[in-house]
Every structure is written in structure tokens, then in C-alpha cells.
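Reading the structure
Below are the chains, spelled out letter by letter.
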Amino acid sequence: MSPRLVRAAVLTGALLLVPPAAQATAKPVPKGPAGSAFYKPSSPLGGKRHGDLLRARRTSGRNTLKGAARIDLLLYRGTRVGGGSTAISGLVSVPKGKVPAKGWPVVTWAHGTTGIADICAPSRDDGTVQGGLTSYIDPLLERWLAKGWAVVRTDYEGLGTPGNHPYLVGGSEGRSVLDAVRAARQDVPDLNTKRVIIAGHSQGGHAALWAASLAKSYTPELGIRGTVGFAPESHTGEQAAVIGNLTTPSGLTGLAALILRGVEVQHPELKVANALTDAAKALYPRTLADCLPALTAPSAFGALAPSDLLRKDADPAPAIAALNANDTETLTIRTPLRVEQGTADTTVFPIFTGQLVDELRTRGTKITVANREGVDHGGIVTAGAAGATAWMAQRLK
């Protein structure tokens, strides 16, 4: 064999000894600028396929978790609600200790409602405007890090990054949750993406179920071992249909305004803003500026009854149809699902979660249900933590 062929053979053999993940990340990932400028993607966007990592940098501040060896802020290529590509932000937290022989198992977490404005993105939380809507999950994430699982968190499309967030638009949420795992693996090659659990609370439960239904076709290389939905949102269209019967001023009106904004992002042709009353229309721009606590306050939508959101002559049917198309009750999920639900939840009502479970089971989903007596909407994350974690551990072996 000639010296040239010998050198080629040696080089080829050396490459075969390098793990595929390390080969894929041989090219350094740009760190990007600090602060809010990190969230502004370059033009052209970069990357070639959904889930490609665009930039990553170490983060600190509110997003620090004691059980993490490192937490990186990510910007990755995702799929826009109307088609095409967009930039999405998120975080990856890596456990302390020695890397397992097969790499860190992964939990990809879908967060609950924080708002639609860019300042409401969980990775941007500075503790001043989100009112604990991100920090309440820290004990749960710490529990998972202590188990030796890496935690990936998406901000979702348009939340923190350019464009409007398609609130409760299932396909957009689910794709964001899955692409975050692809991006995190490029940042941290030691992640084992053949052992992945999807989990989320409230809006995030809605997102988690959508991710589970999309995974096989959208990210077939990910090994989804199961999904946990803590009080997953469902039957939104049915609830929207009776909003005119709620005549007492309530923070629920702010949530309803966010839901309408999500419909508008997905279906601009419906011109849902034209259906708002004058009082609601004056407040509507705040959905793109304020986070949930400010939106639902008496100084904002909290001063309006849900029945005062839409004009009496407005036809809600097109918006309700759009909500029904995004409902988790329409899904087919082939991997195991666990649902944690509090019986005292007045945000995601137990009766609707029960109907959701029945509907998914008719489509063949294997579901474990844990109903927590006397537990409310926020409390389910704490009350269900131990049971959900034990269920997850069985599937991540």
C-alpha cells in the first residue's frame, strides 16, 4: 500500500472511532451577543434543517439551577406556524457528575402560560415581570437533574424571538419542544436522544401532547419513551363557546384575549380583532407588551367580564373552529402517556381532562392517570412530582 493510501486508511479509522455526535459538532457553535441581542437571528437565518443550532452561550441569573453543572442559552432553527423557518430560543441544563456511558437521558419541558410578549419568554425571566410563572417549576427541574437527566426547555415560537407567539397552536408548540432537543444535542453531544421524555404543565401540557403526536414524523430519530402532562389544556373551543355567559369581571378575560391572539397569528384572515368590543380593543395591544400578571390585573383585562370581550353581533364560530382544530382531543399518541390532574383545578377543569383521557384511549394511547385530591392548578406540579418522576424513571432505564 502506498504511503498516501496508508495515511488515508489511518484517517478513516480515526474518524470511525469518534462518536457521531462529536463528528456532527466538530464545527464550533457561535456564541452570539450577550443580552437581548442574542435573540435576534442573523440574516440569512443559518442552519439547514429544523432543529439546527444557530448559537449557544452559557447563562446565569434567574435561570440558574443548583443541580446543573451548566445551563446554556440556545437559539435554533424551527418551523414557523405558517410554513418556512424561524429562530426559536430555549435552554439546556446539564446534570452534575460523570457522564453516563450512554449519555444523559433528556427531559424536554414545555412551560405553562407566561404571556405572548418577548419579555415573557422563560429564558428571559429576570424575576420582575413574570410573577413566578417560571420559577415555580424549579424544584421539579432540580429533582430531574438529581436523577441524572438533562433538561431542555423551549421558549416556543415567537416568544423571545422575532414574530408573534402562536398561543395554544398545537403544531407550533409541539415542533418547538422537539426541535429544542435536536439543538441541545448539538450543543451538548453527551445527551442521549434515544432516551427522551416529553413533559409540560397547562399550556405546556397541551404542547407536550402535541409534541408526542408529532415526534414520529417530525423528529423520527428521537427515542420518545413517554410523555407527562400536568393539567394539560384541552377543550378550549368548547369553553370559548360559553364565554358570553361569564358576566363577572375576571382575570380569565386576559387569558381569553391571549387565546384570540393565538388564533389571529395562525389565521390572520379571520381578523379576530374586528370582533372585539371597544373596551377590549383598547386593551388588546397589551397582549404583545405585558406578561400574564399585568394582563389579568384589574388595571387591564381583569376589569372586564369575559362576556365583554366580543361584540354581541360578532360570530365566534370561525375562531372556535380554529381552537377545536388545535385541541389535544384530536391527537393520536402512540407512546405512553401519564396525566397528573388536581381535583380542585379551576383553570384546567378535571371534567375536561377526564374527557381528554377517554378520547385519547379510544385512539389507542396507553394512559396512566393520577388524580390528586384537593390540588389546584399550580399545585399539581408539586403534588404530582414524585409519582411522575418514578413513572419517568421506569421508562428511562
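On a predicted model such as this, the values are computed, not experimentally measured, just so you know.

Cut-offs used in this document
Residues numbered from 1 in each chain as written. Predicted model: local features only at pLDDT ≥ 70, side-chain atom pairs only at ≥ 80, totals over all residues. Heavy atoms only, no water. Helix = DSSP H or I, 4+ residues; strand = E, 2+ residues; numbered from the N terminus. Buried < 20%, exposed > 50% of the residue type's maximum accessible area, 1.4 Å probe, protein only. Contact = heavy atoms within 4.5 Å. Polar contact = N/O pair within 3.5 Å; in protein donor to acceptor, adjacent residues only side chain to side chain. pLDDT = per-residue confidence, 0-100. Core = buried A, V, L, I, M, F, W, Y, C linked by side-chain atoms within 4.5 Å. Pairing = 2+ DSSP bridges. Disulfide = S-S within 2.5 Å.

1. A word on the environment of Val272
The residue Val272 is located in the loop between helix H7 (252-266) and helix H8 (278-283) in this model. We classify Val272 as buried; its relative accessible area is 7%. Distance from Val272 to Ile116, taken between C-alpha atoms, is 16 Å for residues 156 residues apart in sequence. Discounting residues that sit within four places of it in the chain, Val272 has contacts with Leu260, Val263, Glu264 and Tyr284.

2. A few points about the side chain of Thr287
Structurally, Thr287 can be placed in the loop between H8 and helix H9 (292-295). What makes Thr287 buried here is its relative accessible area of 0%. A polar side-chain atom of Thr287 sits 2.9 Å from a polar atom in the side chain of Arg261. A polar side-chain atom of Thr287 sits 2.7 Å from the main-chain carbonyl oxygen of Tyr284. Discounting chain neighbours no more than four positions away, the residues touching Thr287 are Ile116, Ala117, Ala257, Leu258, Arg261, Leu295 and Phe301.

3. What to know about the confidence of the model for the protein chain
Parts of the prediction with low pLDDT should not have their coordinates interpreted in detail. Here the protein chain averages 92 in pLDDT, while 92% of its residues score no lower than 70. Across residues 1-26, where pLDDT falls below 50, the model places 9 contacts with residues more than four positions away in sequence or in other chains.

4. Details of the nonpolar core
Ranked by size, the top nonpolar core spans 47 residues in total, and within it Leu178, Leu191, Ile198 and Leu360 carry the most contacts. With 9 residues, the top contributor of residues to this core is helix H5 (residues 203-218). Contact partners of Leu360, with chain neighbours within four places excluded, come to Leu209, Thr328, Leu331, Ile333, Leu337, Thr365 and Ile367. Counting residues in each nonpolar core, the second largest holds 35 residues, with Phe38, Leu75, Val151 and Ile197 among its members.

5. A few points about the environment of Tyr76
Structurally, Tyr76 can be placed in strand S2 (residues 68-79). Of the residues examined, Tyr76 reaches a relative accessible area of 0% and is grouped as buried. Counting along the chain gives 22 residues from Tyr76 to Leu54, while the straight-line C-alpha distance between them is 5.0 Å. Polar side-chain contacts of Tyr76 include one of 2.8 Å to the side chain of Thr154.

6. Regarding the pairing of strand S9 (residues 367-372)
Relative to S9, strand S8 (residues 337-342) runs parallel, the two sharing 6 bridges. In the strand pairing of S9, Leu337 is matched with Ile367.

7. Comments concerning the state of the cysteines
Scanning the entire structure with this criterion turns up 1 disulfide. Each disulfide pairs two cysteine sulfurs, and for Cys120 the partner residue is Cys291, the sulfurs being separated by 2.2 Å. Negative torsions about the S-S bond denote left-handed disulfides, and the value of about -115° found for Cys120 with Cys291 makes this one left-handed. Here Cys120, found in the loop between strand S4 (104-110) and helix H3 (138-146), pairs with Cys291, found in the loop between H8 and H9; they are 171 residues apart in sequence, far enough to count as distant. Accessibility assignment for this pair places Cys120 and Cys291 in one class, buried.

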